[in-house]
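Each chain is listed here by its residues.
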There are 2 protein chains.
Amino acid sequence: MTKRPTIADVARRAGVSKGSVSFALNGRPGLAGATVEKILAAADELGWRPSNRARSLSVSKAFALGLVITRDPAVLSSDPFFPAFIAGVESVLSMHGQALVLQVVADGSEADGYQRLARDARVDGVFLSDLRYDDPRIDLLVELGLPAVTLNRPDGESPFPAVVLDDRPGIVAVVQHLLELGHTRIAHVAGPSEFVHAATRSTAFVETLTAAGLQPVAVEAGDFTAAGGIEATRRLLALPEPPTAIVYANDRMAIAGLGAAQAAGLTVPDDLSIAGFDDSELAEYVHPGLTTVRADPFHFGVAAAQTLNRVVDGDTEIPDVELPPAQLVRRRSTAAPPVQTRWQPPAQPPV
Amino acid sequence: MTKRPTIADVARRAGVSKGSVSFALNGRPGLAGATVEKILAAADELGWRPSNRARSLSVSKAFALGLVITRDPAVLSSDPFFPAFIAGVESVLSMHGQALVLQVVADGSEADGYQRLARDARVDGVFLSDLRYDDPRIDLLVELGLPAVTLNRPDGESPFPAVVLDDRPGIVAVVQHLLELGHTRIAHVAGPSEFVHAATRSTAFVETLTAAGLQPVAVEAGDFTAAGGIEATRRLLALPEPPTAIVYANDRMAIAGLGAAQAAGLTVPDDLSIAGFDDSELAEYVHPGLTTVRADPFHFGVAAAQTLNRVVDGDTEIPDVELPPAQLVRRRSTAAPPVQTRWQPPAQPPV
DNA sequence: AATGGCGTTTAAACCGGTTTAAACGGAGGA
DNA sequence: TCCTCCGTTTAAACCGGTTTAAACGCCATT
């Protein structure tokens with residue numbers, strides 16, 4: 001509780017000048033070894049830690065990174081990605097004495113968040129998540145002079161390195177899995193198509209099906225929320241020839257869809273197979289357990305933080321970082337399609 | 001991208017000294033009105049914003065508040081409370097030019113998070129959530145000289161104001177609701193008893209039942225996770241005289257419990273009524289919709305941030321803030337108990 | 001005209017570090 | 001012996017604000 005020691009205290013104790021202490025602390029050459037020893041000893045006898053504020057002012061760095069998240073439930077609320085991602089980021093920052101500054105902004109105005117972070121010089125760099133097509137934030141950050149990394153690759157040109165976890169293999173694996181079970185009428189509930197990752201997932205869905213010589217029953221636009229998942233599911237089930245399997249772009253929609261199917265009197269997976277994406281905590285515990293795709297958001301956070309730090313340090317020409325793709329997790333919500341369905345031509349008697 | 005203007009630039013432009021600019025900006029008395037006008041005009045002609053870093057150094061404030069969260073999934077992951085709470089906090093901070101610093105720490109070591117925040121002088125105060133009995137963090141913060149507010153009231157003495165949202169009325173309402181439906185064999189799946197709010201909920205449960213002249217069938221210890229919810233539910237269903245209704249201390253356990261009950265072949269609510277706590281997003285959309293209790297974590301965040309700011313400003317004797325209690329949300333997962341159950345004595349023929 | 005008082009303004013110190021240019025001191029060479 | 005060079009150390013400026021004590025200008029008293 002007594003005032004903390006300053007660099008002057010350390011200098012006095014070690015019998016040197018402030019400058020020398022600074023040199024010793026930062027391991028700069030030009031100081032005699034013995035002097036360095038003496039200074040460091042004095043420093044930790046006093047338990048001295050250099051003041052972040054003073055350092056911040058003189059070197060013009062914040063020693064902090066920023067994350068802007070919209071208050072939009074489609075992105076933030078109970079999204080299993082961010083908590084784990086943030087934990088990963090923190091695990092890196094805490095080793096560097098850096099802090100994570102969070103900005104939560106109203107639905108449409110993410111730009112404000114970055115503006116504030118830049119205007120107040122609160123951070124040295126930011127994470128750019130939930131990329132949209134032709135995302136205006138990229139130009140904004142360039143203009144603001146704020147270093148960044150993008151989570152996954154943007155569609156256009158970007159001066160920032162990307163940390164990418166390819167969603168395609170996960171979707172491909174889910175569709176393959178359904179095909180192997182014998183499904184031929186598969187539908188997809190996508191996320192909002194303005195998001196790059198949402199579009200990537202639905203494209204992968206369609207392409208995998210096409211490659212197998214099949215047409216998707218439908219691709220319904222969802223919004224990543226449970227409510228949207230319900231709506232989309234109801235529309236699919238109301239089709240004259242409803243699907244026997246539905247692939248959702250995330251677990252929230254899938255779990256809601258599961259509820260909607262059950263409310264409609266269907267048994268999952270006997271009447272309908274359902275698959276999600278994310279492997280959120282509840283996926284394992286709903287009934288039936290949800291087949292889904294598991295990524296590693298913690299490691300995503302680690303990689304993103306490390307990469308962003310390289311950008312902040314002025315490292316140029318940083319290659320994009322590729323993370324291992326998500327894995328299929330098979331649970332009880334997917335099974336073979338019902339043997340007989342209304343629309344199918346009656347089985348031909350064997351010749 | 002050109003260097004931002006400093007207070008010296010403004011002073012020069014207005015033809016006054018740095019000191020005067022500082023006075024004008026902070027609305028200090030002693031400056032002639034005309035001078036203030038002149039200075040403010042010069043300031044926004046240049047688009048000057050005082051540097052947070054410089055201010056930070058000279059006034060010894062961080063202009064930031066801190067939140068420490070454990071990486072423990074029981075607290076963080078997909079907990080609907082924090083995202084909304086944080087959004088509420090941010091809505092206050094953004095108006096004051098303050099930032100929110102997040103510390104995510106490993107399971108047991110929350111203390112480290114506060115230590116780091118204090119050592120690095122990153123924040124002016126912190127939010128103390130998920131209080132435990134005899135919580136060591138209170139003494140720690142006193143020792144560190146870090147102002148704080150507690151979310152809900154701690155069990156012992158505390159020098160910090162509390163922002164409280166009483167969980168009791170919510171639990172009481174749930175139990176009343178079940179009693180009105182005719183249930184007499186009700187069980188509870190609690191959170192870890194070392195948490196004050198978990199214990200508050202289970203105490204409220206027991207007391208309400210006792211007041212109605214009933215005994216709880218059982219109070220199982222859960223851990224707020226879905227996995228724990230499953231386990232506890234299985235134990236309850238395996239009792240020789242299983243409950244006809246289960247009240248869970250949070251939605252995650254309740255939704256998992258719902259899955260466990262269905263997996264065990266029970267129909268909810270016909271065979272078993274289930275109620276949660278939190279009204280998380282999925283609660284409305286699982287099948288059947290989950291009866292639960294809804295609080296307002298956003299407003300909780302607003303109140304907590306405002307109160308913490310008063311503490312930080314040196315305001316002493318701040319009264320605790322009471323928030324409106326959570327409301328019961330009735331959905332399909334609760335209904336009258338089955339008319340006949342194994343253990344009941346056969347109905348007496350009318351005399 | 002000198003003095004006092006008051007409202008206004010400023011110069012300078014300060015916060016706690018980093019950084020640069022200059023000073024210092026001892027060894028080696030002429 | 002003197003000069004130079006080089007490794008080591010320091011003094012001082014600087015980052016961009018805030019704050020305090022002193023100075024200033026002006027008017028009212030005496």
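Residues numbered from 1 in each chain as written. Chains lettered and ligands numbered in written order. Predicted model: local features only at pLDDT ≥ 70, side-chain atom pairs only at ≥ 80, totals over all residues.

1. Focus: the overall build of chain A
Thought 1: The helix and strand inventory of chain A stands at 12 helices and 12 strands.
Thought 2: Radius of gyration (C-alpha) of chain A: 26 Å, far over the 20 Å computed for a compact globule of 351 residues.
Thought 3: A principal-axis box enclosing the C-alpha atoms of chain A has dimensions of 100 × 35 × 35 Å.
Thought 4: Out of the 351 residues belonging to chain A, those deemed buried represent 50%.
Thought 5: Look at the contacts in chain A between residues 6 or more apart in sequence, and 69% of them connect residues 24 or more apart. (Helix = DSSP H or I, 4+ residues; strand = E, 2+ residues; numbered from the N terminus. Rg over C-alpha atoms; globule rule 2.2 N^0.38 Å. Buried ≥ 20, exposed ≤ 12 C-beta atoms within 10 Å, placed from the backbone. Contact = placed C-beta atoms within 7 Å.)

2. Observations concerning the protein's contact with DNA strand D
Thought 1: Around DNA strand D, the structure places 26 residues, and the nearest of them are A:Gly19, B:Ile7, B:Gly19, B:Ser22 and B:Ala54.
Thought 2: At the level of secondary structure, the elements contributing two or more residues to the surface near DNA strand D comprise helix H2 (18–25) and helix H4 (52–59) of chain A together with helix H2 (18–25) and helix H4 (52–59) of chain B.
Thought 3: Its residues assigned to classes, the surface near DNA strand D shows 11 nonpolar, 12 polar and three charged. (Near = placed C-beta within 6 Å. Nonpolar A, V, L, I, M, F, W, Y, C, P; charged D, E, K, R; others polar.)

3. Describing the protein's contact with DNA strand C
Thought 1: Taken together, 26 residues surround DNA strand C, and among them A:Ile7, A:Gly19, A:Ser22, A:Ala54 and B:Gly19 come closest.
Thought 2: If you list the elements that add at least two residues to the surface near DNA strand C, you get H2 and H4 of chain A together with H2 and H4 of chain B.
Thought 3: When its residues are assigned to classes, the surface near DNA strand C shows 11 nonpolar, 12 polar and three charged.

4. Let's talk about the UniProt feature "domain: HTH lacI-type" (unreviewed entry) in chain A
Thought 1: On the UniProt side, "domain: HTH lacI-type" (unreviewed entry) is annotated at positions that read residues 5–59 of chain A here.
Thought 2: Counting secondary structure, residues 5–59 of chain A comes out at 69% helix and 0% strand; the distance between its end C-alpha atoms is 20 Å. (UniProt positions renumbered as here; feature names shortened; annotations may be inferred.)

5. With respect to the sheet that holds strand S6 (residues 186–190) of chain A
The pairing of strands in a sheet comes from backbone hydrogen bonds and takes either a parallel or an antiparallel form.
Residue and element names in this part refer to chain A.
Thought 1: Judged by pairing direction, the sheet is parallel, and its four strands sit side by side in the order S7-S6-S8-S9 without closing on themselves. At either end of the open sheet lies a strand with only one pairing partner, and these are strand S7 (218–221) and strand S9 (273–275). Strand-to-strand twist of the sheet, defined as the mean angle between neighbouring strand axes without regard to direction, takes the value 20°.
Thought 2: As paired strands, strand S8 (residues 245–248) and S9 are joined by three bridges and run parallel to one another. What sits directly across from Ile 246, in S9, is Ile 274.
Thought 3: Together, S6, S7 and S8 form the strand contacts of helix H9 (residues 196–211), whose direction differs from that of S6 by roughly 170°. (Pairing = 2+ DSSP bridges. Axes fitted to C-alpha atoms, helices over the stretch in contact; angles between N-to-C directions.)

6. With respect to the relation of the copies chain A and chain B
Thought 1: By a simple turn and slide, chain A fits onto chain B: the slide is 0.0 Å along the axis, the RMSD is 0.1 Å, and the turn is 180°. The two molecules are tied by a two-fold rotation axis, judged by turn and shift. (Least-squares fit on C-alpha atoms with pLDDT ≥ 70 in both.)

7. Here we look at the packing of helix H6 (residues 110–119) of chain B against helix H7 (residues 136–144) of chain B
Residues and elements named next belong to chain B.
Thought 1: Running from N to C, H6 and H7 point in directions that differ by 15°, and their axes come no closer than 11 Å. It follows that H6 is roughly parallel to H7 by the angle criterion. Judged by the sense of rotation from one axis to the other, the crossing of H6 with H7 is right-handed. Where H6 approaches H7, its residues Glu 110, Ala 111, Tyr 114 and Ala 118 are matched on the opposing element by Arg 137, Leu 140, Leu 141 and Leu 144. (Parallel < 35°, antiparallel > 145°, perpendicular 65-115°, else oblique. Left-handed = near helix turned anticlockwise from the far one by under 90°.)

8. A closer look at helix H1 (residues 7–14) of chain A
All names here are of chain A.
Thought 1: Restricting attention to buried positions, one finds in H1 the residues Val 10, Ala 11 and Ala 14. Seen along its axis, H1 keeps its buried residues to an arc of 100°; they face one direction.
Thought 2: Here the buried face of H1 lies against H2 and helix H3 (33–46).
Thought 3: Phi for Gly 15, located one or two positions after H1, is positive at around 70°. (Arc of directions from axis to C-beta.)

9. Considerations on the interface of chain A and chain B
Thought 1: Chain A puts 48 residues into the contact, and the matching count from chain B is 48 residues.
Thought 2: Each residue belonging to the side of chain A that touches chain B can be placed in one class, and the counts come to 25 nonpolar, 13 polar and 10 charged.
Thought 3: Taken together, the three bridges between strand S2 (residues 99–105) of chain A and strand S2 (residues 99–105) of chain B define a ladder with antiparallel strand orientation. Paired with A:Leu102 across the strands is B:Leu100, a residue of S2(B).

10. Considerations on the confidence of the model for chain A
Thought 1: Predicted confidence across chain A gives a mean pLDDT of 92, with 94% of residues reaching 70 or more.
Thought 2: Low confidence marks residues 341–347 of chain A, where pLDDT is under 50. Its contacts with residues over four positions away, or in another chain, come to two contacts. (pLDDT = per-residue confidence, 0-100.)

11. A short note on unusual backbone geometry
Backbone phi values are negative for most residues with the exception of glycine, while trans is the configuration of most peptide bonds.
Thought 1: The residue after A:Val268, namely A:Pro269, is reached through a cis peptide bond having omega 10°.
Thought 2: Note the cis peptide between A:His287 and A:Pro288, where omega equals -5°.
Thought 3: By the element assignment, A:Pro288 lies in the loop between S9 and strand S10 (292–294).
Thought 4: In this structure, A:Ser60 takes a positive phi of about 55° despite not being glycine.
Thought 5: On the secondary structure map, A:Ser60 appears in the loop between H4 and strand S1 (64–70).
Thought 6: A:Ser60 gets classed as exposed once you count the C-beta atoms within 10 Å, which come to 11.
Thought 7: Although it is not a glycine, B:Asp278 sits at a positive phi angle of roughly 135°.
Thought 8: Looking at the secondary structure, you find B:Asp278 in the loop between strand S9 (273–275) and strand S10 (292–294).

12. Re the nonpolar core
Thought 1: Of all hydrophobic cores here, the largest spans 183 residues; its most connected members are A:Leu100, A:Val126, B:Leu100 and B:Val126.
Thought 2: Broken down by element, this core gets its largest block of residues, nine residues, from helix H5 (residues 81–93) of chain B.
Thought 3: Sequence-distant contacts of B:Val126, defined by excluding residues within four places in its chain, comprise B:Leu65, B:Gly66, B:Leu67, B:Val68, B:Tyr114, B:Leu117, B:Leu141, B:Leu146 and B:Ala148. (Core = buried A, V, L, I, M, F, W, Y, C linked by C-beta atoms within 7 Å.)

13. Focus on the pairing of strand S5 (residues 162–165) of chain A
Each regular strand shows side chains that alternate between the opposite faces of the sheet.
Residue and element names in this part refer to chain A.
Thought 1: By the bridge criterion, two bridges tie strand S4 (residues 148–151) to S5 in an arrangement that is parallel. When the sheet's bridge partners are listed, Leu 151 is paired in S5 with Val 163.
Thought 2: Pairing between S5 and strand S11 (residues 321–323): three bridges, direction parallel. Counterpart to Val 163 in the pairing with S11 is Val 321.

14. Here's the deal with the packing of H2(A) against H3(A)
Relative orientation and spacing of two packed helices are given, respectively, by the angle between their axes and the distance between those axes.
Residue and element names in this part refer to chain A.
Thought 1: At a closest axis distance of 9 Å, the pairing of H2 and H3 adopts a crossing angle of 95°. As judged from the angle between their axes, H2 and H3 are roughly perpendicular. Seen from H2, the contacting residues are Ser 20, Val 21 and Ala 24; seen from H3, they are Thr 35, Val 36, Ile 39 and Leu 40.
Thought 2: Tallied by class, the residues present in the contact of H2 with H3 amount to five nonpolar, two polar and no charged.

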